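Understanding the architecture of this molecule
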Amino acid sequence: MEIRLWREILAPYELAVDELVVKFNHIIEEFRNVGEYSPIELVTGRVKTISSILEKAQKKNISLDDIEKEIDDIAGIRIICQFVEDIYKVADIIRKRSDMEVKAEQDYIKNRKNSGYRSYHMNVYYDVETLKGTKRIQVEIQIRTLAMNFWATIEHSLQYKYKQNIPEHIRERLTSAAEAVLILDREMSEVRDEIMDAQQSFTMKANIVADILTNIQNLYKVANKQDVIRIQDEFFKIYQEGDNEKLEKFSKDLDLISQRYRAQSLR
Ligand code: 0O2
């Protein structure tokens with residue numbers, strides 16, 4: 001097949017990956033905007049390279065005409081979570097979406113592969129709009145923890161280096177590293193609530209401070225300058241005390257002051 005034709009075939013896959021990365025990043029933002037912990041830590045996406053598609057087709061005896069039907073990971077999304085529990089929450093979010101239809105799921109966490117590989121895979125259908133109309137794209141979504149991703153990335157590079165024949169002594173090291181990753185994920189889950197609390201209060205504080213600063217900035221346009229400077233000084237004092245409850249109360253009071261000024265300026 002000509003390179004030009006490959007580009008045409010792969011273009012809708014590029015679009016699907018770009019759109020999905022935006023959508024998953026938006027989920028992170030939605031959680032953080034309401035001061036909630038996001039089960040998604042980060043998202044990446046890629047379209048398989050032509051050489052990698054050809055290699056897989058050859059390995060699995062797939063004819064060029066059947067590539068789009070038979071290779072379901074031409075478009076790939078990787079979702080990285082902090083904790084194993086988050087992976088199942090993300091899978092639930094995906095199942096409930098109306099823009100993705102789940103075709104298959106593989107839980108390589110409960111049933112890890114012989115290599116030691118752990119990850120949750122979801123194969124979904126996703127529609128993209130092109131000049132030729134709607135095109136249904138198969139996308140593979142891999143959901144894993146930061147630790148699982150670390151192991152899989154290194155193992156994948158070694159598989160590539162040794163062309164699937166990793167020497168026995170390295171294989172043994174990888175197996176024990178996989179075991180260490182499993183233990184690390186378990187240990188982290190044990191302190192999950194505490195870590196989540198700390199991260200949530202950090203996000204909440206950041207949101208409150210951002211609200212206060214926006215309010216102060218807007219007050220400069222409508223209120224007496226001396227009053228705003230006084231409010232600003234009060235904010236710095238409370239901020240330095242480091243008491244989140246006081247900061248929250250200050251933010252609520254400031255909301256009321258801002259509303260009053262806004263109402264006055266509309267009269
Ligand atoms: P790439 O370069 O990541 O795209 P299979 O026939 O079992 O090898 P299949 O049927 O496509 O593969 O499905 P499977 O097993 O769910 O694997 C899909 C993808 O999961 C792989 O894509 C890898 O990204 C990842 N994966 C699966 N097993 C392993 C493993 O043992 N180690 C690592 N590091 N990753 C794995 P590709 O096409 O292999 O490669």
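Given the structure is predicted, the values throughout are model-derived calculations rather than measurements.

The rules we used
What you see as residue numbers is a count from 1 along each chain, following the sequence as written. The model is predicted, so local features are restricted to residues of pLDDT at least 70 and side-chain atom pairs to those at 80 or more, both for listing and for counting; the totals for chains, interfaces and linings are taken over all residues. Working from all heavy atoms in the structure, the side-chain values ignore hydrogens and water. Each patch is built from residues lacking any salt bridge and having more than 30% relative accessible area; the joining distance is 9 Å for like charges and 5 Å for nonpolar side chains (Val, Leu, Ile, Met, Phe, Trp, Tyr). A 1.4 Å probe and the Shrake-Rupley method give the accessible areas. Residues count as covered only by the protein chains that appear here. Here, a salt bridge means any side-chain nitrogen of Lys or Arg that lies within 4 Å of a carboxyl oxygen of Asp or Glu. In DSSP terms, a helix is any run of H or I states spanning at least four residues, a strand is any run of E spanning at least two, and both are numbered starting from the N terminus. Classification of residues uses two cut-offs on accessible area relative to the type maximum, computed with a 1.4 Å probe and protein chains only: under 20% is buried, over 50% is exposed, and between them is partly exposed. When at least one non-hydrogen atom of a residue lies within 4 Å of a molecule or strand, that residue is treated as near it. Contacts described as polar in this section are N or O atom pairs within 3.5 Å, which, within protein, must combine one atom able to donate a hydrogen with one able to accept it, while residues neighboring in sequence count only if both atoms come from side chains. What marks off one domain from the next here is an automatic or database domain assignment. Here, two residues are considered to be in contact whenever any of their heavy atoms come within 4.5 Å of each other. In short, buried area is how much 1.4 Å probe accessible area vanishes from two parts on joining, totalled over both. Each residue gets one of three labels, nonpolar for Ala, Val, Leu, Ile, Met, Phe, Trp, Tyr, Cys and Pro, charged for Asp, Glu, Lys and Arg, and polar for the others, Gly among them.

With respect to a nonpolar patch on the surface
Taken together, the side chains of Leu184, Met188 and Val191 define a hydrophobic patch exposed on the protein surface, amounting to about 230 Å² of accessible area. One can find Leu184 in helix H6 (residues 168-190). We classify Leu184 as partly exposed; its relative accessible area is 41%.

Focus: unusual backbone geometry
At Asn61, a position not held by glycine, the phi torsion is positive, near 60°. Mapped onto the elements of the fold, Asn61 is located in the loop between helix H2 (50-59) and helix H3 (67-70).

Some thoughts on the site of the ligand
Taken together, 17 residues lie near the ligand, and Lys48, Lys56, Lys113, Ser115 and Glu155 sit nearest. The contact in question runs from an oxygen atom of the ligand to an N or O atom on the side chain of Lys48, over 2.6 Å. Take His121: an N or O atom from its side chain is 3.1 Å from an oxygen atom of the ligand. Protein burial of the ligand: of its 720 Å² of free accessible surface, 75% is covered by the chains.

Here's the deal with the pattern of salt bridges
Inspection of every chain in the model, using the stated rule, returns 20 salt bridges. Asp72 serves as the salt-bridge partner of Lys103, at 3.8 Å between the closest nitrogen and oxygen. Within this pair, whereas Lys103 is found in strand E3 (residues 101-107), its partner Asp72 is found in the loop between H3 and strand E2 (75-81), the two being separated by 31 residues in sequence. Under the relative-accessibility criterion, Lys103 is labelled partly exposed at 40%. The exposure class assigned to Asp72 is partly exposed, which follows from its relative accessible area of 22%. A salt bridge links Arg136 to Asp127; its shortest N-O distance comes to 3.1 Å. Overall, the relative accessible area of 35% leaves Asp127 in the partly exposed class.

Considering the domain arrangement of the protein
Parsing the protein into structural domains produces domain 1 (3-168) and domain 2 (194-265). With 7 residues of domain 1 at the interface, the matching set in domain 2 holds 7 residues. When residues of domain 1 are sorted by the area they lose upon contact with domain 2, Gly35, Tyr37 and Phe83 head the list and together hold 65% of the total. Taken together, domain 1 and domain 2 are joined by 0 salt bridges. Counting across the domain 1 and domain 2 interface gives 2 residue pairs in polar contact (both at pLDDT 80 or more). Looking at the side of domain 1 that touches domain 2 residue by residue, the class counts come to 2 nonpolar, 3 polar and 2 charged.

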